[in-house]
Amino acid sequence: MQRFEERPLLKVENLTKQYGPGCGECSQPGRPGLIKNYCPSCGTVYACSDVSLDVYPGEILGIVGESGSGKSTLMQCLYFDQDVTSGTLTIDDPELAGENLFDVSSQRKRYIRNHKYGMVYQNPVKGLRMDFSSISNIAEKQIAAGGRHVGQMQSAGERLLDVVSIPLFRMKEEPRNFSGGMQQRVQIAKALSNDPPILFLDEVTTGLDLSVQAAVIDLIKQIQRDLGISMIVVSHDLAVIRMLADRTLVMLNGRVIESGLTDQILEDPNHAYTQQLVYSLL
Amino acid sequence: MVMLEVKDFGKRFTSHHLNTTRKAVEGISFSLEQGGFIGIVGKSGSGKSTILKSIYRTYLPDEGEIWFDSERFGRIDLLKAEERQVIWLRKHEIGYVSQFLNVMPRTTARELVEQALLGMGESHEAATIKAEQSLRHFDLDERLWDTFPNTFSGGEKLRLNIAIATVKKPRLLLLDEPTASLDYQSKLKVREVIEKLKADGTTLVGIFHDLEFMEGLCDCVYDMNEKALRGMPEVQR
Ligand SMILES: Nc1ncnc2c1ncn2[C@@H]1O[C@H](COP(=O)(O)OP(=O)(O)OP(=O)(O)O)[C@@H](O)[C@H]1O
Ligand SMILES: Nc1ncnc2c1ncn2[C@@H]1O[C@H](COP(=O)(O)OP(=O)(O)OP(=O)(O)O)[C@@H](O)[C@H]1O
Ligand SMILES: [Mg+2]
Ligand SMILES: [Mg+2]
Ligand SMILES: [Zn+2]
């Protein structure tokens, strides 16, 4: 049998993120005594424990899990909003080859964010400046990515707002005036404005009404098809994951407890928690 | 040339909630030549769908071997194939059709077929042309091409399903009761479609309720009860 010579674009090994110092109790191997992800002796939260994953070129990787399972923390670690406690991150890019990107300087992390990454936060307040116009929000990211030509940036920004169906006559408006769905779409436009090869989407459709949800999902699919961007899509909604992701990881208490082809996770779940998650939906 | 070889395949399901493990099927062995068509028969719950879903890896098989002759990977055991290999095979070499249309909402029939082609790396131009050819080939009314399939009749949905699964010219096509819930006229249409696929050289494994429907189409039948292949029985009239 021939192997696949395909290499992951983004590779995470044993990412661990704890909030708090840890103590004698919770530092033991296997971390006995935790309640979910929390050490009752010292109050440390183990938000992500030993998370490993691969994202291949052009694929959408889904991550599901209940509230508090560590999904947003994982995304924020990958986006360098949070420092990891331990772990490695590598990206298959000639500019970044062979380095653990969690260990590089903050300057270099900023470079990666500006040139390789797009991020859509669960909470639009984190991803947008609510008192800047939509087009300025996009311009900010374009400038960070090295954009200098105002006319070109403006027209690229308009094109992106058009892609996400924000009417051009509203582009000078501040996102704080927009509905939740519109804010998410401005975030997506902003995230795409540096042509990133990697996009992180944290609960992009949560809290939106169903028709807006469908439009955002269509948009993400279209972006993947037309631009071939690799994405990690986090959602606690299995229906969203089913529509978007080829492969899915299930997180519980900061750990990846099951992973597989998305339809296999949904139709033949193996872990007790995944079974509960899937069957509670049926 | 053998396209598919199932050896001592078995699958069990564990329910943590009920604290049970149940064998859905075991000891399944058969093989299928390129261009051949096997029908699987057996009573409800005997494990027919489980076999097809395990070949497609919607179920994670846990016993035996399922060898597939892949154009890309050579002879490959689908039980052990990597996830990314399975995704590749689904995009290019193995199709799965059931009576259910499981597709992106708010996507037109034409777009769905085009997306299957774009997914395997075809250009937009080629996808447009091939999608139209395929929709025409399977007799989907042209007025339906640019509408959403949630309003289609059972037979229309099915022909769209088959168009989506076959535009990529899969080497192997799995059919799980595609004719269930169709009226006789629609069933005849599906029969024609399958004849076309056979004529194109597609290798097929199918589950059908009514043996009569398979007459003259299947090369042989795998009987879940006897756990053996046999020739097509004469249909009583
Ligand atoms: N800054 C922080 N300080 C301390 N604990 C934190 C901090 N941020 C997150 N946590 C804790 O880490 C755990 C994981 O939180 P996280 O936001 O990653 O979960 P999530 O899976 O994204 O949940 P949700 O589905 O609700 O968005 C939680 O127990 C949370 O309380
Ligand atoms: N995802 C699943 N989880 C748990 N048990 C399952 C699952 N799928 C099938 N089974 C069990 O495996 C056995 C075989 O089911 P399967 O669907 O393969 O039968 P079938 O021969 O296709 O039946 P039918 O003719 O009714 O479609 C049944 O007992 C069924 O309950
Ligand atoms: Mg979150
Ligand atoms: Mg069945
Ligand atoms: Zn502790």
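Residues numbered from 1 in each chain as written. Chains lettered and ligands numbered in written order. Predicted model: local features only at pLDDT ≥ 70, side-chain atom pairs only at ≥ 80, totals over all residues. Heavy atoms only, no water.

Identification of chain B as Alpha-D-ribose 1-methylphosphonate 5-triphosphate synthase subunit PhnL from Bhargavaea ginsengi is taken from an unreviewed UniProt entry. Regarding chain B, the UniProt comment filed under Sequence similarities (unreviewed entry) reads as follows: "Belongs to the ABC transporter superfamily." (UniProt positions renumbered as here; feature names shortened; annotations may be inferred.)

An unreviewed UniProt entry lists chain A under the name Putative phosphonate transport system ATP-binding protein, with Bhargavaea ginsengi given as the organism.

> Would you mind going over the overall build of chain A with me for this structure?
Assigned secondary structure in chain A consists of ten helices and nine strands. Taking 19 Å as the expected radius of gyration for a compact globule of 282 residues, we find that chain A reaches 19 Å, a close match to that expectation. Reported as C-alpha extents along the three principal axes, the dimensions of chain A are approximately 60 × 50 × 45 Å. Burial analysis of chain A (282 residues in total) assigns 53% to the buried set. Put simply, of all contacts in chain A between residues at least 6 apart along the chain, 68% involve residues at least 24 apart. Split by element, the accessible area of chain A, about 12200 Å² in all, is 49% carbon and sulfur. Charge-centre separation for chain A: the mean point of 27 positive side chains lies 5 Å from the mean point of 33 negative side chains. (Helix = DSSP H or I, 4+ residues; strand = E, 2+ residues; numbered from the N terminus. Rg over C-alpha atoms; globule rule 2.2 N^0.38 Å. Buried < 20%, exposed > 50% of the residue type's maximum accessible area, 1.4 Å probe, protein only. Contact = heavy atoms within 4.5 Å. Areas by Shrake-Rupley, 256 points an atom, 1.4 Å probe, with all protein chains shown as cover. Lys, Arg positive; Asp, Glu negative; His and termini not counted. Charge placed at Lys NZ, Arg CZ, Asp CG, Glu CD.)

> Can you walk me through the packing of helix H5 (residues 154–166) of chain B against helix H6 (residues 184–199) of chain B in this structure?
Helix-helix packing is described using two parameters, namely the angle between the two axes and the distance between the axes. Residue and element names in this part refer to chain B. Taken N-terminus to C-terminus, the directions of H5 and H6 make an angle of 10°; their axes are 10 Å apart at the nearest point. Of the possible angle classes, the one that applies to H5 and H6 is roughly parallel. As H5 runs across H6, the sense of the crossing is right-handed. From H5, Gly155, Leu158, Arg159, Ile162 and Thr166 reach across to H6, where they touch Ser186, Lys189, Val190, Val193 and Leu197. The residue inventory of the contact of H5 with H6, partitioned by class, reads five nonpolar, three polar and two charged. (Axes fitted to C-alpha atoms, helices over the stretch in contact; angles between N-to-C directions. Parallel < 35°, antiparallel > 145°, perpendicular 65-115°, else oblique. Left-handed = near helix turned anticlockwise from the far one by under 90°. Nonpolar A, V, L, I, M, F, W, Y, C, P; charged D, E, K, R; others polar.)

> For this particular structure, what's the right way to read the pattern of salt bridges?
A side chain with one charge may pair with a side chain of the opposite charge, provided their charged atoms come close. Residues and elements named next belong to chain A. Under the counting rule described, the total for this entry stands at 37 salt bridges over all chains. A salt bridge links Arg108 to Glu99, with the nearest nitrogen and oxygen atoms 2.9 Å apart. The class for Arg108 is partly exposed, based on a relative accessible area of 26%. Residue Glu99 is classed as partly exposed on the basis of its relative accessible area of 28%. (Salt bridge = Lys/Arg side-chain N within 4 Å of Asp/Glu carboxyl O.)

> Explain the site of ligand 1 here, please?
All names here are of chain A. Near ligand 1 there are 14 residues, and of these Ser67, Gly68, Lys71, Ser72 and Thr73 occur at the shortest range. Contact distances for ligand 1 include 2.6 Å between an oxygen atom and a side-chain N or O atom of Ser67. Between ligand 1 and Thr73 there is a distance of 2.5 Å, counted from an oxygen atom to a side-chain nitrogen or oxygen. For ligand 1, whose unbound accessible area comes to 640 Å², protein coverage reaches 63%. Of all the secondary structure elements, the ones that give two or more residues to the shell around ligand 1 are strand E2 (45–55) and helix H1 (71–78). Among the elements that line the shell around ligand 1, the one with the most residues is H1, at three residues. Along the lines of polarity and charge, the residues of the shell around ligand 1 split into three nonpolar, eight polar and three charged. (Near = heavy atom within 4 Å. Polar contact = N/O pair within 3.5 Å; in protein donor to acceptor, adjacent residues only side chain to side chain.)

> Is there a simple way to think about the sheet that holds strand E9 (residues 255–261) of chain A in this case?
Backbone hydrogen bonds hold the strands of a sheet together, and the pairing may be parallel or antiparallel. Residue and element names in this part refer to chain A. Within the open sheet, the six strands sit side by side as E5-E6-E7-E3-E8-E9. Their pairing is mixed. In this open sheet, the two edge strands, each paired with only one partner strand, are strand E5 (117–120) and E9. Pairwise comparison of adjacent strand axes, ignoring direction, gives a mean angle of 15° for this sheet. In the sheet, E5 pairs with strand E6 (residues 198–202) via four bridges, with the strands oriented parallel. For Val120, the partnering residue across the bridge sits in E6 and is Leu201. Lying over the sheet, helix H6 (residues 180–192) contacts E5 and E6, oriented at roughly 170° with respect to E5. Sheet contacts for helix H7 (residues 210–227): strand E3 (60–65), E6 and strand E7 (230–234); angle to E7, the most-contacted strand, approximately 160°. (Pairing = 2+ DSSP bridges.)

> What's the story with the pairing of strand E6 (residues 94–98) of chain B in this structure? I'm lost.
Side-chain positions along a regular strand alternate between the two faces of the sheet. Residues and elements named next belong to chain B. With four of its five residues buried, E6 lies for the most part within the structure. Note that E6 and strand E7 (residues 172–176) share five bridges and pair parallel. Opposite Ile94, over in E7, you have Leu172 as the bridge partner.

> Is there a simple way to think about the site of ligand 2 in this case?
The immediate surroundings of ligand 2 are formed by 14 residues, with Ser44(B), Lys48(B), Ser49(B), Thr50(B) and Tyr59(B) found nearest. Nearby residues place ligand 2 at the junction of chains A and B. Arg22(B) places a side-chain nitrogen or oxygen 3.3 Å from an oxygen atom of ligand 2. Note that an oxygen atom of ligand 2 is positioned 2.7 Å from one of the side-chain N or O atoms of Lys48(B).

> Quick question: what am I supposed to make of the environment of Leu182(B) here?
All names here are of chain B. For Leu182, the location among the structural elements is in the loop between E7 and H6. Classification of Leu182 by relative accessible area gives buried; the value is 12%. Separated by 27 residues in sequence, Leu182 and Gly155 have C-alpha atoms that sit 6.3 Å apart. Sequence-distant contacts of Leu182, that is, excluding residues within four places in its chain, are made with Gly154, Gly155, Leu158, Lys187 and Val190.

> Is there a simple way to think about the coordination of the magnesium ion (ligand 3) in this case?
Ideal values for angles at a metal depend on the geometry: 109.5 degrees with four tetrahedral donors, 90 or 180 degrees with six octahedral donors. Around the magnesium ion (ligand 3), the protein supplies Ser72(A) (OG) and Gln122(A) (OE1) as donor atoms, at distances of 2.0 to 2.2 Å. Here the residue Ser72(A) occupies a position in helix H1, and Gln122(A) occupies one in the loop between E5 and helix H3 (124–127), the gap between them amounting to 50 residues. (Donors = N, O, S within 2.8 Å, 3.2 Å for Na, K, Ca; no water.)

> Can you walk me through the state of the cysteines in this structure?
What is meant by a disulfide is a covalent connection between two cysteines, made through their sulfur atoms. All names here are of chain A. Scanning the model with the defined rule gives zero disulfides over all chains in all. With no disulfide of its own, Cys48 has Cys77 as its nearest cysteine by sulfur position, at a separation of 5.5 Å. Owing to a relative accessible area of 0%, Cys48 belongs among the buried residues under this scheme. (Disulfide = S-S within 2.5 Å.)

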